[in-house]
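For reference, the chains in residue letters:
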Amino acid sequence: QNADREEMEEQLAVEALQAGLGDKTVQKKGISKSGLMTKCGSMYPSWYERFFVLEDGFLTYHTSESKKDFKGTYFLPHCVLSTDTPEPTRIKIVIKGVQGRSFHMKCADEQEAETWKEAIRSWMADE
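As the structure is a prediction and not an experimental result, all values here were calculated from the model. (Residues numbered from 1 in each chain as written. Predicted model: local features only at pLDDT ≥ 70, side-chain atom pairs only at ≥ 80, totals over all residues. Heavy atoms only, no water.)

Student: Explain the overall build of the protein here, please?
Tutor: Counting secondary structure elements, the protein contains two helices and seven strands. Listing every helix and strand of the protein by position from the N terminus yields α-β-β-β-β-β-β-β-α. Here the protein holds 127 residues, and the buried ones make up 43% of them. Element-wise, carbon and sulfur atoms account for 49% of the exposed surface of the protein, whose accessible area totals about 7,000 Å². (Helix = DSSP H or I, 4+ residues; strand = E, 2+ residues; numbered from the N terminus. Buried < 20%, exposed > 50% of the residue type's maximum accessible area, 1.4 Å probe, protein only. Areas by Shrake-Rupley, 256 points an atom, 1.4 Å probe, with all protein chains shown as cover.)

Student: Even after reading the chapter, I still don't get the side chain of T89, so can you show me in this structure?
Tutor: Tracing the chain through its elements places T89 in the loop between strand 5 (79-81) and strand 6 (90-95). In contact with T89, not counting residues within four places along its chain, are M105, K106, C107, D109, E110 and A113. (Contact = heavy atoms within 4.5 Å.)

Student: Teacher, can you tell me more about the confidence of the model for the protein here?
Tutor: Low pLDDT marks stretches whose predicted atomic positions should not be read closely. With 73% of its residues at a pLDDT of at least 70, the protein reaches an overall mean of 81. Overall, residues 20-26 carries pLDDT values under 50, and its contacts beyond four positions in sequence, including any with other chains, amount to ten contacts. (pLDDT = per-residue confidence, 0-100.)

Student: Please clarify how the sheet that holds strand 3 (residues 58-62) should be interpreted in this entry.
Tutor: Strand pairing in a sheet relies on backbone hydrogen bonds. The paired strands run either parallel or antiparallel. The strand order across the open sheet formed by seven strands is 4-3-2-1-7-6-5, and the pairing between neighbours is antiparallel. The sheet is open, and its two edges are formed by strand 4 (70-75) and strand 5, each paired on a single side. Across the sheet, the axes of successive neighbouring strands diverge by a mean angle of 35°, strand direction being ignored. With three bridges connecting them, strand 5 and strand 6 associate as antiparallel partners. Directly across from C79, in strand 6, lies its bridge partner I95. Here helix 2 (residues 110-123) sits on the sheet in contact with strand 1 (33-40), strand 2 (47-55), strand 3, strand 5 and strand 6, set at roughly 105° to strand 1. (Pairing = 2+ DSSP bridges. Axes fitted to C-alpha atoms, helices over the stretch in contact; angles between N-to-C directions.)

Student: How do you make sense of helix 2 when you look at a structure like this?
Tutor: For an α-helix, the turn length of 3.6 residues means that residues three or four places apart are oriented alike. Over its 14 residues, helix 2 extends 21 Å from the first C-alpha to the last, a length consistent with the 20 Å expected when each residue adds 1.5 Å. A113, W116, K117, A119, I120, S122 and W123 are the residues of helix 2 that are buried. As for helix 2, its buried residues are in contact with strand 1, strand 2, strand 3, strand 5 and strand 6. The backbone nitrogen of Q111 has a side-chain oxygen 3.2 Å away, supplied by the residue at the start of helix 2, namely D109. (Expected span 1.5 Å × (residues − 1). Polar contact = N/O pair within 3.5 Å; in protein donor to acceptor, adjacent residues only side chain to side chain.)

And the structure:
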């Protein structure tokens, strides 16, 4: 129950930020990808397995592959991929313009993490 509440609060914060950043139209074509990753809760430091879908600049996540239980989304052109992750299997996405707002995911192995990082980078705005 804490995980659901945390993800709802996290999603509301992301939506508020995205609403203030203007047009959500993605101008470039990136890599689409889907699969399981483990996501760390931002309020409670627990790891939860989630099914992620990356397409059209949005990284959405659900509790299962059925995608019936939507949990949240990140608009990647307004994010950066951090390089200060403690392990090569981890992915850290930081929302630009919101100090300290970041999201952490973990993959089963380094190779899977690298394919996710490449796909995520393909949708991020060029700096």
